[in-house]
Amino acid sequence: MWVTERGGRVKPAEINARFVAYREALNFPKEASPHTLRHSYVTHLTEKGIDRRFIQEAVGHRCDTSTAIYTHVSGDFMNTALRKALTPAFDTSVRSRKES
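Attention in this report is confined to the structure presented alongside it. (Residues numbered from 1 in each chain as written. Predicted model: local features only at pLDDT ≥ 70, side-chain atom pairs only at ≥ 80, totals over all residues. Heavy atoms only, no water.)

## So, the overall build of the chain
The secondary structure content of the chain amounts to 5 helices and 0 strands. When the helices and strands of the chain are read in sequence order from the N terminus, they spell out α-α-α-α-α. Out of the 100 residues in the chain, the part that is buried amounts to 14%. Contacts spanning at least 24 positions in sequence make up 33% of the contacts within the chain whose residues lie at least 6 apart. When the accessible surface of the chain is split by element, carbon and sulfur atoms take 59% of a total near 8400 Å². (Helix = DSSP H or I, 4+ residues; strand = E, 2+ residues; numbered from the N terminus. Buried < 20%, exposed > 50% of the residue type's maximum accessible area, 1.4 Å probe, protein only. Contact = heavy atoms within 4.5 Å. Areas by Shrake-Rupley, 256 points an atom, 1.4 Å probe, with all protein chains shown as cover.)

Structure follows, in structure tokens:
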């Protein structure tokens, strides 16, 4: 994916080695990996409201269910999404009772 200054490809082992050096310098947990960044990318795009199909294509997944596994949204995001989805249903039931 990335080309070096000499025109060759950057190898996964080189990416991992550089990531480990940065992770240790920043005192990040040992569980953090380049793949962790991929999960974060998907999660942040989801929380920003980016179209799920775009995210799926961006990370190269064939199925939306694969992309969903990558998503680790916050409790606040889930509560807001749930409230947004349910509010119209409750507003309708309140209006119906007032009209009766």
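Now, onward.
## What about unusual backbone geometry?
Positive phi outside glycine occurs at asparagine 27, with the angle close to 55°. Mapped onto the elements of the fold, asparagine 27 is located in the loop between helix 1 (12-25) and helix 2 (34-47).

## Focus: the pattern of salt bridges
Counting across every chain of the model gives 2 salt bridges. A salt bridge links arginine 52 to aspartate 64; its shortest N-O distance comes to 2.3 Å. Here arginine 52 is found in helix 3 (residues 52-58), whereas its partner aspartate 64 is found in helix 4 (residues 64-70), with 12 residues between them in sequence. Among the ionic pairs, glutamate 57 bridges to arginine 53, the shortest N-O distance being 3.0 Å. Of this pair, glutamate 57 and arginine 53 both sit in helix 3, 4 residues apart, which is roughly one turn of that helix. (Salt bridge = Lys/Arg side-chain N within 4 Å of Asp/Glu carboxyl O.)

## Observations concerning helix 1
The periodicity of an α-helix, 3.6 residues per turn, causes residues three or four places apart in sequence to face the same way. With 14 residues, helix 1 extends 20 Å from end C-alpha to end C-alpha; this agrees with the ideal 20 Å at 1.5 Å per step. Looking one or two residues beyond helix 1, the residue adopting positive phi is asparagine 27, at roughly 55°. (Expected span 1.5 Å × (residues − 1).)

## Some details on the nonpolar core
Val42, Leu45, Ile55, Val59 and Tyr70 together form the largest nonpolar core, which totals 5 residues. Sequence-distant contacts of tyrosine 70, that is, excluding residues within four places in its chain, are made with His35, Arg38, His39, Val42, Thr43 and His61. (Core = buried A, V, L, I, M, F, W, Y, C linked by side-chain atoms within 4.5 Å.)

## Here's the deal with helix 2
The first and last C-alpha atoms of helix 2 sit 20 Å apart over 14 residues, in line with the 20 Å expected at 1.5 Å per residue. By the burial criterion, the buried members of helix 2 are His39, Val42, Thr43, Leu45 and Thr46. One side of helix 2 holds all its buried residues, which, seen down the axis, span an arc of 165°. Residues of helix 2 that are exposed and point over 90 degrees away from its buried face: Leu37 and His44. Taken from the residues just after helix 2, glycine 49 is the one with a positive phi, measuring 85°. (Arc of directions from axis to C-beta.)

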